[in-house]
Amino acid sequence: MTTIRWMLAGLAMTAGPLDAEAQDAVHRPDGESQAPFVPTGPDPVYPAAFYAAFQPQTALDMLERTPGFLLSEGSAVRGFGGAAGNVLIDGQRPTVKAGGITEVLRRIGARQVDRIVLLRGSEAAEAQGQPLVANVIRKTDAAGSGNAVLELARTEDGRISPTARVSHARRIGAWQASLELSAINERYVTEADYRTRGADGTLQESRAESIRAKAPEYGLTASASRPLAGGTLTLNLRLNHDEYASHRKIAIREGEDGSGSSGAPSAERLIDYGETSTSGEFGADWTRPLGADWNTKLVGLARIERASVDEDYRQGTFRSLSEQDQKPLELVARTTVSREGSHALRPEFGAELAYNRLASQLAYGEDAGSGTMVPVDLTNADTRVTELRGEAFANANLRLSGNLEAEAGLAVEFSRIRVTGDSNQSQSLSYLKPSGALVWSPGKSTQVRLGWRRTVDQLDFSDFAASVNQADGRPLGGNARLRPARISRALLRIDHRWGKGGAIAVEAFHQRHQGMLGYILLPSGDQALGTLGNARQWGATAQASLPLSAVLPGARLTLDGTWRKTRLRDPITGRDRRIDDLAPRALTAEFRHDLPHLRSSWGVSYTVSERYDIYYVDEHLTSNNGEEWGAYVETTALAGVKLSLKASAIGGVHSNRLRRFHSPTRAYPLSGTDARTMRDGSALTLVLSRAL
């Protein structure tokens with residue numbers, strides 16, 4: 001009982017200030033000016049000194065330790081506005097697409113950051129309705145700095161996978177430039193067992209699978225900015241080459257007893273799979289003040305990629321081969337004019353024009369043992385998709401009183417999509433996308449946001465083209481008549497902050513999908529994505545950063561969770577079911593303990609198991625990703641070096657998958673099942689990083 005009373009008392013006191021030891025941990029070096037620390041209010045401010053206890057090397061490290069903030073890379077949709085993440089650099093969104101913001105933040109050394117300001121929600125184009133945006137403010141007189149990182153990961157097969165990154169930022173004449181080079185070679189070790197059963201549950205086949213995979217990746221990113229024509233010009237460049245190769249060896253045993261689970265296999269299946277992608281992205285933006293707190297921004301972005309996927313499937317005398325090549329291209333131009341400052345009315349206007357193209361070719365053939373590869377035709381195996389899309393938008397922020405603001409926005413989108421190749425199809429689309437919100441701040445520590453927003457899903461051009469998954473025996477046709485779903489989302493969000501680092505945010509939401517996409521049967525007989533009907537999802541998300549200093553000095557618990565329900569009327573069965581590929585629940589937790597007197601920290605992380613359902617025309621697939629534990633210890637006790645030891649997937653990650661087959665469609669009784677249990681191996685990683 002004494003222990004329980006102490007635990008309850010400690011939790012009740014977490015809203016109190018940090019203890020003296022923890023406060024000393026956030027001291028600023030002598031002679032360095034200190035930005036004000038404002039952990040509450042409409043826009044909480046965290047100065048560089050706040051992060052000292054976390055021993056950051058880069059701006060990315062600092063953001064990962066900002067209370068109540070979760071980094072969003074943005075989405076990989078086409079265009080620039082719709083792909084917005086939740087990070088600004090000196091008030092401006094970097095001209096990079098999804099994934100690029102992490103590289104930008106890694107190039108900014110922690111010594112270059114003056115403070116991080118959290119902007120609690122905005123309808124502005126730079127934020128695109130993100131509920132929480134981090135603005136990384138750099139020092140104006142920061143000297144050149146950089147960072148070098150070496151990672152050595154040991155997987156369960158005893159092999160070492162190295163990762164190396166080096167970045168440097170400095171002023172070159174009138175230019176403020178930065179560069180990062182990276183080389184990564186990850187390895188994966190997986191073991192799996194399968195059980196295939198008939199409709200009556202009789203075991204027909206068992207399979208034991210061993211997978212060895214590697215994924216090398218090489219990248220170069222660079223940026224440079226300078227004053228130009230009364231404004232600031234910024235250039236961004238990304239070059240990447242990614243590969244993934246796996247070898248799967250599968251031992252097959254037939255029947256209920258067959259050869260016996262420990263006997264010799266009756267057959268062996270080999271699958272070699274490979275992906276290769278080379279891409280380049282160049283972005284430029286020019287920002288200029290116009291006077292009276294008005295600003296304008298011009299953005300241009302170009303991205304080109306060449307990707308290929310090859311798969312070789314062999315069992316006995318049977319062999320099948322598939323080769324797919326895809327060439328995406330994207331060109332974007334965007335302009336905005338906005339008014340900032342403390343004005344009661346802050347409007348913003350802008351427009352975006354984007355051109356996208358995808359050329360996709362798939363060759364698939366089977367050899368049943370004759371020695372001749374026979375081509376297999378799939379709908380839209382040879383496809384070229386182009387889209388010209390334009391959008392105009394206007395947003396406004398109006399202060400109604402000292403603690404109440406209204407936000408409103410309206411965008412209109414026009415697009416023309418053309419599909420050529422095996423099928424010829426053209427369609428013109430137009431949509432209105434309104435949004436609005438009321439933001440109430442009853443005190444400096446709390447903000448309440450009630451909002452509504454209508455968006456339009458952007459189609460994945462790959463779904464217009466055919467594809468093949470040989471391992472699962474699932475060829476898919478392409479659908480030239482795809483139309484995007486429209487989404488209306490209402491939310492109520494409460495954000496509360498306290499003390500030196502306490503934060504909690506809870507959001508309830510309801511979302512309506514019109515024209516939801518799912519798997520349908522084409523007139524050709526191939527399965528492909530198509531419009532199913534309308535759907536709904538509702539639920540809640542929560543993020544929390546809880547200082548535990550009253551119980552354990554220097555300790556902190558971070559939580560991020562989602563609970564949701566979904567409903568879609570299945571056109572095949574006529575019954576309600578879940579939306580494809582959305583987990584009903586998700587939870588990650590991390591406990592961290594900082595030991596300033598030892599210049600060290602340690603922590604434990606946990607991710608809960610997640611369930612996903614996918615409904616094909618003739619199959620219901622359910623997968624459960626296993627729970628995952630991780631742990632780490634890090635120290636800067638060695639002069640100039642940060643040393644970390646990380647254990648990931650402790651004990652392995654155990655997951656399972658169940659395929660329920662129906663013939664000819666899911667409207668008919670069960671015809672068989674295929675169950676898989678899988679274990680992904682653990683890894684131990686040594687990380688050495690040094691500020692340059």
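What you see is a predicted model; the values in this text were computed from it and never measured. (Residues numbered from 1 in each chain as written. Predicted model: local features only at pLDDT ≥ 70, side-chain atom pairs only at ≥ 80, totals over all residues. Heavy atoms only, no water.)

*Asks:* Hey, could you run me through the overall build of the chain in this one?
*Replies:* Each helix and strand in the chain was counted, giving four helices and 34 strands. For the chain, buried positions account for 47% of its 692 residues. When contacts within the chain are restricted to residue pairs at least 6 apart in sequence, long-range pairs at least 24 apart make up 64% of them. Here the chain has roughly 31900 Å² of accessible surface; of this, 57% comes from carbon and sulfur atoms. (Helix = DSSP H or I, 4+ residues; strand = E, 2+ residues; numbered from the N terminus. Buried < 20%, exposed > 50% of the residue type's maximum accessible area, 1.4 Å probe, protein only. Contact = heavy atoms within 4.5 Å. Areas by Shrake-Rupley, 256 points an atom, 1.4 Å probe, with all protein chains shown as cover.)

*Asks:* Would you mind going over the environment of Gly365 with me for this structure?
*Replies:* Residue position: Gly365 is located in strand β13 (residues 345-367). What makes Gly365 buried here is its relative accessible area of 5%. With 44 residues separating them along the chain, Gly365 and Leu321 place their C-alpha atoms 5.5 Å apart. Gly365 has contacts with Arg319, Ser320, Leu321, Met373, Val374, Pro375 and Val376, leaving out every residue within four places of it along the chain.

*Asks:* Honestly, the environment of Glu311 in this entry has me stumped. Any pointers?
*Replies:* You can see Glu311 is positioned in strand β11 (residues 294-315). Overall, Glu311 belongs to the buried group, its relative accessible area being 6%. Through-space distance from the C-alpha of Glu311 to that of Ser246 is 9.7 Å; in sequence the pair is 65 residues apart. Of the polar contacts made by the side chain of Glu311, one reaches the backbone nitrogen of Ala471; its length is 3.4 Å. (Polar contact = N/O pair within 3.5 Å; in protein donor to acceptor, adjacent residues only side chain to side chain.)

*Asks:* Is there a simple way to explain the nonpolar core in this structure?
*Replies:* Nonpolar side chains in soluble globular proteins tend to be buried together. Leu63, Val87, Leu105, Ile116 and Val136 are the most contacted members of the largest nonpolar core, which has 24 residues in total. If you list the elements that add at least two residues to this core, you get α3 (59-64), β2 (87-89), α4 (100-106), β3 (113-119) and β4 (133-138). The dominant element in this core, judged by the number of residues it contributes, is α3, at four residues. Grouped together as the second largest cluster of nonpolar side chains are 18 residues, Val385, Leu459, Leu482 and Leu529 included. (Core = buried A, V, L, I, M, F, W, Y, C linked by side-chain atoms within 4.5 Å.)

*Asks:* Explain the side chain of Ser182 to me, please; I cannot follow it from the model alone.
*Replies:* Relative to the elements of secondary structure, Ser182 occurs in strand β7 (residues 175-198). Taking relative accessible area as the criterion, Ser182 reaches 16% and is therefore assigned buried. Not counting the four nearest positions on each side in its chain, Ser182 is found in contact with Ala164, Arg165, Glu217, Tyr218 and Gly219.

*Asks:* Would you mind showing me how to read the packing of aromatic side chains here?
*Replies:* In this description, an aromatic ring pair is defined by two values, namely the gap between the centres and the angle between the planes. Under the counting rule described, the total for this entry stands at nine aromatic pairs. Between Tyr188 and Tyr244, the aromatic rings sit 6.5 Å apart at their centres with planes inclined by 50 degrees, giving tilted as the arrangement. Pair noted here: Tyr188 is in strand β7 and Tyr244 is in strand β9 (residues 231-254), with a separation of 56 residues, a long-range link. What makes Tyr188 partly exposed here is its relative accessible area of 37%. (Phe/Tyr/Trp six-rings, centres within 6.5 Å; stacked < 30°, edge-to-face > 60°.)

*Asks:* What is the right way to look at the pairing of strand β17 (residues 425-443) in this model?
*Replies:* In regular strands, side chains alternate between the two faces of the sheet. Strand direction decides the pairing type here: strand β16 (residues 404-421) and β17, joined by 16 bridges, are antiparallel. Bridging from a neighbouring strand, Ala406 pairs with Leu438 of β17. The hairpin formed by β16 and β17 contains three residues between the paired strands. In this structure, β17 lies alongside strand β18 (residues 446-456), joined through seven bridges in antiparallel fashion. In the strand pairing of β18, Gly443 is matched with Thr446. Hairpin remark: β17 followed by β18, antiparallel, with two residues in the connecting loop. (Pairing = 2+ DSSP bridges.)

*Asks:* I tried to follow the confidence of the model for the chain on my own but got confused; where do I start?
*Replies:* Detailed conclusions should not be drawn from predicted coordinates in areas where pLDDT is low. Here the chain averages 87 in pLDDT, and 89% of its residues register 70 or above. Throughout residues 1-32 the model reports pLDDT below 50, and contacts reaching past four residues in sequence, or to other chains, amount to 36 contacts. (pLDDT = per-residue confidence, 0-100.)

*Asks:* Before we go on, may I ask you to explain the pattern of salt bridges in this structure?
*Replies:* Where side chains of opposite charge bring their charged atoms close, a pairing between them can arise. Under the defined criterion, the tally for this structure stands at 39 salt bridges. For Glu590, the salt bridge is made with Arg65, and the minimal N-O distance between the two is 3.1 Å. With Glu590 in strand β26 (residues 585-595) and Arg65 in the loop between α3 and β2, the pair connects residues that are 525 residues apart, well separated along the chain. Owing to a relative accessible area of 19%, Glu590 belongs among the buried residues under this scheme. On the basis of relative accessible area, Arg65 is assigned to the partly exposed category, the value being 21%. Of the charged contacts in the structure, one is a salt bridge between Asp580 and Arg577, with a shortest N-O distance of 3.1 Å. You'll find Asp580 and Arg577 in the same group, each marked buried. Where salt bridges share partners, they join Asp472, Arg474, Glu619, Arg657 and Arg659 into one cluster. (Salt bridge = Lys/Arg side-chain N within 4 Å of Asp/Glu carboxyl O.)

*Asks:* It is not clear to me how a nonpolar patch on the surface should be interpreted in this structure. Could you clarify?
*Replies:* On the surface, Leu150, Leu152, Ile160, Trp602, Val633, Leu645, Leu684, Leu686 and Leu688 cluster together to form a nonpolar patch covering roughly 690 Å² of accessible area. Every element with two or more residues in the nonpolar patch is listed here: β5 (145-155) and β34 (683-691). A per-element tally of the nonpolar patch places β34 first, with three residues. By the secondary structure assignment, Trp602 is in strand β27 (residues 600-607). On the basis of relative accessibility, which here comes to 34%, the residue Trp602 falls in the partly exposed class. (Patch = residues over 30% accessible without salt bridge, like charges linked within 9 Å, V, L, I, M, F, W, Y side chains within 5 Å.)

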